[in-house]
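Chains, contacts and geometry: an overview
Each chain, written out:
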Amino acid sequence: MSDPLVARMREFGTTIFAEMSALAARTGSINLGQGFPDTDGPPEMLERAVSAVRGGLNQYPPGPGVPELRQAVSEHRKDHYGLAYDPDGEILVTVGATEAVAASILALCEPGDEVIAFEPYYDSYAASVALAGAVLRPVTLRPVEGRFTFDPAELRAAVGPRTRVILVNSPHNPTGTVLTRAELEEIALLCHEHSLVAVTDEVYEHLTFDGVEHIPLATLPGMRDRTVMISSAGKTFSVTGWKTGWVCAPPELVRAVQTVKQFLTFTAAAPWQLAVAHGLRHELGWVSSLRAGLQAKRDRLTAGLSAAGFDVYRPAGTYFVQTDIRPLGFTDGLALTRELPALAGVVAIPTQVFYAHPERGGHFVRFAFCKKDEVIDEAVSRLARLGGTGGGPG
């Protein structure tokens, strides 16, 4: 039987995260690949979820999300960013940010429409664009003075007559870049000039370091009305398995996204929604402690990777450190990460899989630092062996 999968999805297959996590389990390696923490979120928030289950909140909640969470998200947007969103009509709860991105692209793009995204990008972006029958137009982020950024001329050149959406992720996975106000102004200018809708993935909004500020694109002049603002609880509260996210946007954009979302999952799990509402209102002090702890873990891992011989890009946000493997004599990140369990007993993610043009990222490998200190220390100790391998795959 020929491959029954539709042609536009055949290039995706098993995600790199599933492949590398399975490799870690099979080889007993330390998993610094997939970005999930190895500690739980705020205890009181977890108890709220347990209480909700035991209290009978186990049937379908309202399609847009439980009112308590929509109200809490509205309060959070106002308190942190000065953005006013009506919880009844301008906020939609989703099954994580991944569904929010997919539903947004499916809602806003006709087949053949174009979506601009900055590469390297989270792998679901390209899959969502393919599901919509749309076309991805990548703009490459490159290292400049120690951080990844884009060339405004390349961004402008990516816009064409069928461009509909620009997908913006900041703080950015996998590079760790937090877009500056000047960079966001370049994006906003294009949106206004070409009547584009911005879909912003801001799941790491609270996980920035060294005093770097996360600036939502929707806060720039005129951008609230053309931005689908997406975030979630998973990274903020270390509950990635809860898959509870949200969309904030003007009513017409929320209606469009909800029209699609209702036929994907209809609604999101009710107990987690109540617990996350509590988290947004009462656990942001815990999040501040998490951020401080992650900054220390970032410093711990970056120092160890540098000592092991990697060229390291110090992230301003997220869970991840981007490294250049060429100083160690390697050139092919995919080949290296598949051999890394045998070479060092560690699993990482090859950044090249996040590019439309993999050759542009072939020499980068991503490591996650959202792990216990002793796990990071052991991984660094093992990675120190690479210096004596004399080069390898690639």
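Residues numbered from 1 in each chain as written. Predicted model: local features only at pLDDT ≥ 70, side-chain atom pairs only at ≥ 80, totals over all residues. Heavy atoms only, no water.

A word on the overall build of the protein. If you tally the helices and strands in the protein, you get 12 helices and 15 strands. Its C-alpha radius of gyration of 21 Å places the protein within 12% of the 21 Å reference for a compact globule of 394 residues. When the backbone C-alpha atoms are referred to their principal axes, the protein occupies close to 60 × 55 × 50 Å. Put simply, the protein has 394 residues, and 57% of those count as buried. Residue pairs at least 24 apart in sequence account for 76% of intrachain contacts in the protein once pairs closer than 6 positions are excluded. For the protein, the accessible area works out to roughly 15600 Å², and carbon and sulfur atoms hold 52% of it. Here the protein holds 35 positive side-chain charges and 44 negative ones, and the gap between their average locations is 2 Å. (Helix = DSSP H or I, 4+ residues; strand = E, 2+ residues; numbered from the N terminus. Rg over C-alpha atoms; globule rule 2.2 N^0.38 Å. Buried < 20%, exposed > 50% of the residue type's maximum accessible area, 1.4 Å probe, protein only. Contact = heavy atoms within 4.5 Å. Areas by Shrake-Rupley, 256 points an atom, 1.4 Å probe, with all protein chains shown as cover. Lys, Arg positive; Asp, Glu negative; His and termini not counted. Charge placed at Lys NZ, Arg CZ, Asp CG, Glu CD.)

Moving on, we come to the UniProt feature "domain: Aminotransferase class I/classII large" (unreviewed entry) in the protein. UniProt tags residues 30-383 as "domain: Aminotransferase class I/classII large" (unreviewed entry). For the annotated span residues 30-383, helix accounts for 40% and strand for 18% of the residues, and the straight-line distance between the end C-alpha atoms is 11 Å. (UniProt positions renumbered as here; feature names shortened; annotations may be inferred.)

What follows concerns the side chain of S238. Mapped onto the fold, S238 is located in the loop between β9 (227-232) and β10 (245-248). Assessed through its relative accessible area of 5%, S238 is described here as buried. Those residues within four positions of S238 in sequence are excluded, and the remaining contacts are P37, T39, D40, G41, A233, W286, L290 and Y319.

This part is about the sheet that holds strand β14 (residues 349-350). Read from one edge of the open sheet, 4 strands run β11-β12-β15-β14, paired in antiparallel fashion. Of all the strands in the sheet, just β11 (311-313) and β14 have a single pairing partner and so form its edges. Strand direction decides the pairing type here: strand β12 (residues 320-324) and strand β15 (residues 364-368), joined by 5 bridges, are antiparallel. Across the sheet, the residue bridging to D324 is F364, located in β15. (Pairing = 2+ DSSP bridges.)

On to the packing of aromatic side chains. The tally for this structure, following the rule as stated, stands at 14 aromatic pairs. Note on F148 and Y313: the rings are 5.1 Å apart at their centroids and 65° apart in plane angle, and the pair reads as edge-to-face. Taken together, the positions of F148 in strand β6 (residues 147-149) and Y313 in strand β11 put the pair 165 residues apart, joining distant regions of the chain. By the ring-pair criterion, three or more aromatic residues cluster together here, those being F17, Y122, Y125 and F354. The positively charged end of R366 is found above the aromatic ring belonging to F320, 3.6 Å away from the centroid. Sitting over the face of the ring of F36, K371 holds its NZ or CZ atom 3.9 Å from the ring centroid. (Phe/Tyr/Trp six-rings, centres within 6.5 Å; stacked < 30°, edge-to-face > 60°. Lys NZ or Arg CZ within 6 Å of the ring centre and 35° of its normal.)

Here the focus is the pattern of salt bridges. Enumeration over the complete set of coordinates arrives at 24 salt bridges. Residue R338 is joined to E19 by a salt bridge in which the shortest nitrogen-to-oxygen separation is 2.9 Å. One end of the pair, R338, is in helix α11 (residues 333-344); the other, E19, is in helix α1 (residues 16-27), and 319 residues separate them in sequence. Note on E19: relative accessible area 27%, which makes it partly exposed. Close ionic contact of D113 with R162 constitutes a salt bridge, the shortest N to O distance being 2.9 Å. Remark: R162 occurs in the loop between α6 (152-158) and β7 (163-169) and D113 occurs in the loop between α4 (96-108) and β3 (114-119); sequence separation between them is 49 residues. The buried category is assigned to D113, whose relative accessible area is 11%. R162 gets classed as partly exposed once you look at its relative accessible area, which sits at 40%. (Salt bridge = Lys/Arg side-chain N within 4 Å of Asp/Glu carboxyl O.)

Of note, E75 is situated in helix α3 (residues 67-81). Residue E75 is classed as partly exposed on the basis of its relative accessible area, which comes to 28%. Taking the C-alpha atoms as reference, E75 lies 8.4 Å from Y85; in sequence the two are 10 residues apart.

It is worth spelling out the nonpolar core at this point. Membership of the largest hydrophobic core comes to 63 residues, with the highest contact counts inside it found for V228, V247, L301, F310, F367 and L383. Among the elements that make up this core, the one with the highest residue count is α4 (6 residues). Non-local contacts of V247, meaning those with residues more than four positions away in its chain, are made with E90, I91, L92, T94, A100, V228, M229, I230, V254 and V257. Among the nonpolar cores identified, the runner-up in size contains 26 residues, and I187, L190, Y355 and F364 belong to it. (Core = buried A, V, L, I, M, F, W, Y, C linked by side-chain atoms within 4.5 Å.)

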